[in-house]
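Each chain, written out:
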Amino acid sequence: MTERQKLLMNNAADVTDLVLEAEKWLWQHPQTGYTEWEANEYLIGKFEALGYTLVRADKDEKFGKIPGFYTDFDTGRPGPTIAVFGELDALDIANHPESVNGMTHCCGHNAQGAYLLGLAAALKVPGTLDGLCGKIRLIAVPAEEMIQLPFREELRKKGVIRYLGGKVEFMYRGYLNGVDMALMVHAYSEDLQHPSDFNCSGGMNGCVAKTFRYKGKSAHAGGSPEAGLNAQYAAMIGLDACNALRETFPDEDHVRFHPIMHGVNCAVNIIPDELKLESYVRASTLEAIKRENRKVNRAIAAGALAMGCGVELCDRPGYAPEYHDPMFMKLAQDCCEAISGRDMVDFDYRRIETGSSDFGDITCVMPGIQMNAAGCSGTLHGIDFCVAEPGRLCMNSIKFLLFITDELLRDNAKKAADICAQFKYQFKSIPEYLKYIDEITLDKDAVVYGENGSAVLDYV
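The following refers to the structure shown. Just so we're clear, the structure is a prediction, and the values are computed from it rather than from any experiment.

Now for unusual backbone geometry. The residue glutamine 148 is not glycine, and still its phi comes out positive at about 50°. Inspection of the secondary structure puts glutamine 148 in the loop between β6 (135-141) and α5 (149-157). Taking the relative accessible area as the measure of exposure, glutamine 148 reaches 23% and is therefore partly exposed. Positive phi, normally seen in glycine, also occurs at aspartate 411, with a value near 55°.

Now the structure itself:
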């Protein structure tokens, strides 16, 4: 570890109490995407007390009011802008023993809010910015978890949001304009057989977010079932068809399809006339997402046709596949090893994680690294999840972010420039990317019946 890195370690230590207090408070006040008002107000108060001027998403006159904000820490010398994200949202998981109003931070996002605040405070400590150029944009962002799709669709229809994910929405609002690179640290539960402080993969799946509604006709289930059209049966046939497709998914594309039924809205002696479902189609490339989603839509429509029912398809842009540039990833690995030693750092450049994150949308338009820091136990998104070692998780995250921003922005930001120069940009600009994902949007009755008994499938 260099003398410079030792200084940064000490500066991080100076803000420990502030960070741990925030982690605990945020854990105790979970709220789901686009409703994170308590965390929003708490962090706004803390940031403003540190002297930051914020651009607030709840005060933006151009757009609908949502939680979240950003602020720039300017070194005073020209150079690139590096964004650091902290996510605000929790999960609705009511059977967690520490749930509050049915919600819990079972993905550890409370630690992200805490480390973002700690980083903001550490940047104010004398010596932290010595020799650096450019800006660090600190972004508290809502709605990473792609959940409660009907609620978000209502927000979209009302004009409050345009996109279901928080980072994509912030891109649309211009909050990432002028940003050159991006960083984020996520919590993870350590494998005790192979302990590590940090890990990182080569990327993640992306997804399209889906809701679909089978439409039938109600009738007396015992007295005249022949007069009805069973929407539940149509859904079961459609899902069976989707399951039969699984062996056609190419292994290299890491495809995932995992629907849930919202249930019927009638009594047991009535033929169900409606059944709503929700799912994603995930894959590791944008092309694979579009291709496999079309096959899934065909199977969903076939289930409706088999029962003489209708089905409404509603597809929305979910998240793009996440790509970690190897040069950027190697710099991150070096910073982690300086903190914890080589044996406590696990970077796998080839592994693709099959979950999804809207950080993937960021990596479509700029170099970005989302890595993981240990300090949690239990199952991610599970009822046994907890932040078991908040000091380890939050403080290692802050140390890493101080180390890597220092590497990127010193020496006239040479390392940042080198990474950006060789990065393979998928899209030239944010508007170009948003135009691409807008084409994913689909609202369609997938089965159209003719008067003569014919039917046409229209699922594209």
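For the rest of this paragraph, the subject is the packing of aromatic side chains. With the rule as written, the count across this model stands at 15 aromatic pairs. Each ring, one from phenylalanine 47 and one from phenylalanine 69, has its centre 5.1 Å from the other, and the planes form 70°; the classification is edge-to-face. Taken together, the residues phenylalanine 47 in helix α3 (residues 37-49) and phenylalanine 69 in strand β2 (residues 69-74) connect sequence positions 22 residues apart. With respect to class, phenylalanine 47 is no different from phenylalanine 69; both count as buried. Taken together, a centroid distance of 5.8 Å and an interplanar angle of 75° make the contact between tyrosine 163 and tyrosine 172 edge-to-face. Owing to a relative accessible area of 4%, tyrosine 163 belongs among the buried residues under this scheme. Judged by relative accessible area, tyrosine 172 falls into the partly exposed class, the value being 33%. Cluster of aromatic residues (ring-pair linked, three or more members): Phe47, Tyr52, Phe69 and Phe73. Over the aromatic face of tyrosine 52 sits the side chain of lysine 124, whose NZ or CZ is 4.5 Å from the ring centroid. The ring of phenylalanine 85 carries lysine 167 above its face, with NZ or CZ at 5.7 Å from the centroid.

Counting residues in each nonpolar core, the largest one holds 141 residues, and the members touching the most others are Phe47, Phe85, Leu138, Leu176, Tyr214, Phe400 and Leu408. Of all the elements, helix α11 (residues 390-409) adds the most residues to this core, at eleven residues. Those residues in contact with phenylalanine 85 that sit more than four places away from it in its chain are Gln112, Tyr115, Leu116, Ile139, Val141, Lys167, Leu176, Ala182, Leu183, Met184, Phe359 and Ile362. In terms of nonpolar packing, the next biggest core, distinct from the first, is built from seven residues, Met146, Ala209, Tyr280 and Tyr319 among them.

Right, let's get into the pattern of salt bridges. What the rule picks out here adds up to 34 salt bridges. Where aspartate 58 meets arginine 56, a salt bridge forms, and the shortest distance between an N and an O atom there is 2.8 Å. The buried category is assigned to aspartate 58, whose relative accessible area is 13%. Across the pair glutamate 274 and arginine 213 runs a salt bridge, and its minimum N-O distance is 2.7 Å. Pair noted here: glutamate 274 is in strand β11 (residues 274-283) and arginine 213 is in strand β8 (residues 198-215), with a separation of 61 residues, a long-range link. Classification of glutamate 274 as buried rests on a relative accessible area of 17%.

Once that is clear, we can look at the packing of helix α2 (residues 16-27) against α11. Running from amino to carboxyl end, α2 crosses α11 at an angle of 120°, the nearest separation of the two axes being 10 Å. One element, α2, and the other, α11, form an angle in the oblique class. Two packed elements cross with a definite hand, and for α2 against α11 that hand is right-handed. For the pair formed by α2 and α11, the contact residues are Thr16, Val19, Leu20 and Glu23 on the first element and Pro390, Gly391, Cys394, Met395 and Ile398 on the second.

Moving on to the environment of glutamine 112. Its place among the elements puts glutamine 112 in helix α4 (residues 109-122). Accessibility expressed as a relative area gives 1% for glutamine 112, which makes it buried. Sequence separation between glutamine 112 and tyrosine 52 is 60 residues, and the spatial gap between their C-alpha atoms is 18 Å. Those residues in contact with glutamine 112 that sit more than four places away from it in its chain are Phe85, Gly86, Glu87, Met184, Val185 and His186.

This part covers α3. End to end, α3 covers 18 Å across 13 residues, agreeing with the expected 18 Å (1.5 Å per residue, within 8%). Residues Ala39, Asn40, Tyr42, Leu43, Ile44 and Phe47 constitute the buried set of α3. In this structure, the buried residues of α3 make contact with α2, β1 (55-56), β2, α4 and β6. Phi for glycine 51, located one or two positions after α3, is positive at around 100°.

Within β6, six of the seven residues are buried, which leaves it mostly tucked inside the rest of the structure. As judged from the seven bridges shared by strand β3 (residues 81-87) and β6, these two strands associate in the parallel manner. If you follow threonine 81 over to β6, its bridge partner there is lysine 135.

Right, let's get into the pairing of strand β7 (residues 181-189). Counting buried positions over the nine residues of β7 gives eight, a clear majority of the element. Pairing between β3 and β7: three bridges, direction parallel. Its bridge partner lying in β7, valine 84 is registered against leucine 183. Sheet topology places β7 next to strand β15 (residues 368-376); eight bridges connect them, and they run parallel. In the sheet register, methionine 184 faces β15, and the bridge partner there is glutamine 370.

What counts and how
- Residues numbered from 1 in each chain as written.
- Predicted model: local features only at pLDDT ≥ 70, side-chain atom pairs only at ≥ 80, totals over all residues.
- Heavy atoms only, no water.
- Helix = DSSP H or I, 4+ residues; strand = E, 2+ residues; numbered from the N terminus.
- Buried < 20%, exposed > 50% of the residue type's maximum accessible area, 1.4 Å probe, protein only.
- Phe/Tyr/Trp six-rings, centres within 6.5 Å; stacked < 30°, edge-to-face > 60°.
- Lys NZ or Arg CZ within 6 Å of the ring centre and 35° of its normal.
- Core = buried A, V, L, I, M, F, W, Y, C linked by side-chain atoms within 4.5 Å.
- Contact = heavy atoms within 4.5 Å.
- Salt bridge = Lys/Arg side-chain N within 4 Å of Asp/Glu carboxyl O.
- Axes fitted to C-alpha atoms, helices over the stretch in contact; angles between N-to-C directions.
- Parallel < 35°, antiparallel > 145°, perpendicular 65-115°, else oblique.
- Left-handed = near helix turned anticlockwise from the far one by under 90°.
- Expected span 1.5 Å × (residues − 1).
- Pairing = 2+ DSSP bridges.

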